[in-house]
Amino acid sequence: MEGFLVALVVSFGVIFVAELGDKSQLMALTFATRFKTVPVLIGITVATAVVHLASVAIGYGLGAALPTEWISLVAGLAFLGFGAWTLRGDTLTEEEKRKAEKTNKSAIVAVSVAFFLAELGDKTMLATITLATQYGWFGTWLGSTIGMVAADALAILVGRMLGRRLPEKTIKYGAAVLFAICGLWLILEAVTQLT
């Protein structure tokens, strides 16, 4: 049970931070202007659960096949990369905005499909794979799914409260720093194990 809780908490925190300022939050805001909040959150949850289940399966398989010290080193480098990716930022393309604004399908289906496609290969998917190499799959899956949904729900709430104006630079730099700290910690842990 202790390993599950660690995986849950770490995955929640990492994915919540990774999602701050991400394209998915912008999509959540856009969908929330067109549809009611609850169907949007259900759609996000369905898509996230499916993508992150695949992510933990990949990560858990890699974790069983590779030595842990090398996984820690690669994971640390990946987290530094996620920090740089976060600094670069994400924006919605005009086509993505149009799809989010003009869809006539059921809100849950529309949001689920859009989020599923947007998350494939995204940094939150890659971070979930990385986390699953270190922690148990179920806690990682549950924590990463809840973390992403919570971050997107926060974006919708704050966006509505502040007239859709999020302090992007503060969020972007804060998330990048947290990724860098996690990355450096994993690299230090790996170097210690390899020496």
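Here is what the cut-offs are and how they apply
- Residues numbered from 1 in each chain as written.
- Predicted model: local features only at pLDDT ≥ 70, side-chain atom pairs only at ≥ 80, totals over all residues.
- Heavy atoms only, no water.
- Helix = DSSP H or I, 4+ residues; strand = E, 2+ residues; numbered from the N terminus.
- Expected span 1.5 Å × (residues − 1).
- Buried < 20%, exposed > 50% of the residue type's maximum accessible area, 1.4 Å probe, protein only.
- Axes fitted to C-alpha atoms, helices over the stretch in contact; angles between N-to-C directions.
- Parallel < 35°, antiparallel > 145°, perpendicular 65-115°, else oblique.
- Left-handed = near helix turned anticlockwise from the far one by under 90°.
- Contact = heavy atoms within 4.5 Å.
- Nonpolar A, V, L, I, M, F, W, Y, C, P; charged D, E, K, R; others polar.

Caption draft 1: Here's a closer look at helix α1 (residues 2–19). The end-to-end C-alpha distance of α1 is 26 Å, a good match for the 26 Å that 18 residues give at a rise of 1.5 Å each. Taken together, the buried positions of α1 are A7, S11, V14, I15, V17, A18 and E19. One or two residues past the end of α1 sits G21, with phi positive at roughly 80°.

Caption draft 2: Representation of the packing of α1 against helix α7 (residues 123–134) within the structure. Taken N-terminus to C-terminus, the directions of α1 and α7 make an angle of 160°; their axes are 10 Å apart at the nearest point. Viewed along their axes, α1 and α7 adopt a mutual orientation that is roughly antiparallel. Crossing of α1 against α7: the hand is right-handed. Residues V10, S11, V14, I15, A18 and E19 of α1 lie in contact with α7, whose contacting residues are K123, T124, A127, T128 and L131. The residue inventory of the contact of α1 with α7, partitioned by class, reads 6 nonpolar, 3 polar and 2 charged.

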